[in-house]
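Here's the letter readout for the chains.
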Amino acid sequence: MEPVAVGLVGAGPWAEMAHAPMLAKGPHTRLAGVWARRPEAAARLGAPVFERLEELFDACEAVAFSVPPAVQAELAVRAARAGKALLLEKPLAGSLEAARRLAGVVAETGVATQMMLTLRYTAATRAFLDRCAEIEPFGGHAATVSGVLLGDHPFATPWRLERGALLDVGPHVIDLLDAALGPVTGVRAHGDPLRWTGLLLEHEGGAVSEASLCLAAAGDTPPSSFAVYGRTGSAVLRPADDDPFEAVAAEFAETVRRGGGHPLDAARGLRLQEIIAEAESQLAS
């Protein structure tokens, strides 16, 4: 079967580290070209560089995004209206209003979508979620702590420096706790997105969970942790020993060929954005 031709929007550090190698590696996808606001950066990715976004659309079946959230929300609308399937980064947008607009255009056009919530594509995570389903879970906790916002880290980008951990790693953490314990029905937030943010999540069925998020910790920091406890046992997320990007590319190619949605589609991204927007409003009050 011919690989799916995917155009890449963006040429920053994450595009260079993750998206471009993943799409070019095959066998499920091929990198059809790149469009970025800095053509010299796009040229480093080893694929044709397009001057106009519409020219990239003409050269591909699907579009992957590796740009700031506000830019993604704007350009993904154009790609959806051009009939292209979308591989979307988290968070879906820079604002809830923009996320709703993008999700609305996706629903209107019917294009296939998939979110790059990379934690969800490893065998370790899938085993963890299978275990959670067996133990009648009632509670859990998670922590993601790093120094991404410090110094000259390549991911200390303007939107992260402005919005902090909640918008950046929040989608990963909320998504996984939601999948493990049931749909999130309420959130209470405290702290500071640029230092330490704590979340108390209420889940459908009565389960509760806590999450700690920080991108401003100096020195060596521990790996992210997830644990869930239930009436018949417990589940701990073990370190992954497989490459999530292989699964992302394979599943995205299948999503494009099949059409329709993926469990981690734009609607999922919108739901996560709604939870984050409510938490951000609490932190700001």
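Details of the structure are given in the entry above.
**Side note on the overall build of the protein**
Phase 1: The helix and strand inventory of the protein stands at 11 helices and 11 strands.
Phase 2: The C-alpha radius of gyration computed for the protein amounts to 19 Å, which stays within 12% of the reference 19 Å derived for 285 residues, consistent with globular compactness.
Phase 3: Overall, the C-alpha framework of the protein stretches about 55 × 40 × 35 Å when taken along its three principal axes.
Phase 4: Counting over 285 residues, the protein shows a buried share of 55%.
Phase 5: Split by element, the accessible area of the protein, about 12,600 Å² in all, is 53% carbon and sulfur.

**Some remarks on the environment of D192**
Phase 1: Its place among the elements puts D192 in the loop between β7 (184-191) and β8 (197-203).
Phase 2: Along the sequence, D192 and L213 sit 21 residues apart, while their C-alpha atoms lie 9.6 Å from each other.
Phase 3: At 2.9 Å, the side chain of D192 forms a polar contact with the backbone nitrogen of L194.

**Some points on the sheet that holds strand β11 (residues 233-236)**
Phase 1: The sheet built from 6 strands is open, its strands ordered β7-β8-β9-β6-β10-β11 with mixed pairing. The open sheet terminates on both sides in strands that have one partner only, identified here as β7 and β11. Within this sheet the neighbouring strands show an average axis-to-axis angle of 10 degrees, counted without direction.
Phase 2: Alignment of β7 against β8, held across 7 bridges, turns out to be antiparallel. Counted as the bridge partner of G191 is T197 from β8.

**Some words on helix α10 (residues 244-258)**
Phase 1: Counted at 1.5 Å a residue, the expected span for α10 with its 15 residues is 21 Å, and the 21 Å between its end C-alpha atoms agrees.
Phase 2: P244, F245, A247, V248, A249, E251, F252, A253, T255 and V256 are the residues of α10 that are buried.
Phase 3: A side-chain oxygen of the first residue of α10 lies 2.9 Å from the backbone nitrogen of F245; this N-cap is D243.
Phase 4: Of the residues trailing α10, G259 is marked for its positive phi of about 80 degrees.

**Remarks on the packing of aromatic side chains**
The description of an aromatic ring pair uses the distance of the two centres, along with the angle that the planes make with each other.
Phase 1: Summed over the entire model, instances satisfying the criterion amount to 2 aromatic pairs.
Phase 2: Seen from their ring centres, W14 and F155 are 5.9 Å apart, and the 75 degrees between their planes marks the pair as edge-to-face. Note that W14 is positioned in helix α1 (residues 13-25) and F155 in the loop between β6 (137-145) and α7 (158-163), a separation of 141 residues in sequence.
Phase 3: The class of F155 is buried, set by a relative accessible area of 16%.

**Quick notes on the side chain of D265**
Phase 1: Tracing the sequence through the fold places D265 in the loop between α10 and α11 (266-284).
Phase 2: Not counting residues within four places of it along the chain, the set of residues in contact with D265 comprises T113, Q114 and M115.

**Some thoughts on the sheet that holds strand β1 (residues 4-9)**
Phase 1: Taken together, 5 strands build an open sheet; the order of strands is β2-β1-β3-β4-β5 and the sheet is parallel. Looking at which strands have only one partner, the edges of the open sheet turn out to be β2 (29-35) and β5 (113-115). Here the strands of the sheet are splayed against their neighbours by 20 degrees on average, with no regard to which way each runs.
Phase 2: Bridge count for strand β3 (residues 62-65) against strand β4 (residues 85-88) is 3 bridges, and the pairing is parallel. Pairing of V63 across the sheet is with L86, part of β4.

**Structural notes on the packing of α1 against α10**
Phase 1: With their axes 9 Å apart at the nearest point, α1 and α10 run at an angle of 55 degrees to one another. Regarding the angle of α1 to α10, the classification is oblique. Our pair here, α1 against α10, has a crossing hand that is right-handed. In contact with W14, A18, M22 and K25 of α1, α10 contributes F245, E246, V248 and A249.
Phase 2: Grouping the constituent residues of the contact of α1 with α10 by class yields 6 nonpolar, no polar and 2 charged.

Here is what the cut-offs are and how they apply
Residues numbered from 1 in each chain as written. Predicted model: local features only at pLDDT ≥ 70, side-chain atom pairs only at ≥ 80, totals over all residues. Heavy atoms only, no water. Helix = DSSP H or I, 4+ residues; strand = E, 2+ residues; numbered from the N terminus. Rg over C-alpha atoms; globule rule 2.2 N^0.38 Å. Buried < 20%, exposed > 50% of the residue type's maximum accessible area, 1.4 Å probe, protein only. Areas by Shrake-Rupley, 256 points an atom, 1.4 Å probe, with all protein chains shown as cover. Polar contact = N/O pair within 3.5 Å; in protein donor to acceptor, adjacent residues only side chain to side chain. Pairing = 2+ DSSP bridges. Axes fitted to C-alpha atoms, helices over the stretch in contact; angles between N-to-C directions. Expected span 1.5 Å × (residues − 1). Phe/Tyr/Trp six-rings, centres within 6.5 Å; stacked < 30°, edge-to-face > 60°. Contact = heavy atoms within 4.5 Å. Parallel < 35°, antiparallel > 145°, perpendicular 65-115°, else oblique. Left-handed = near helix turned anticlockwise from the far one by under 90°. Nonpolar A, V, L, I, M, F, W, Y, C, P; charged D, E, K, R; others polar.

These figures come from the coordinates and say nothing about function on their own.
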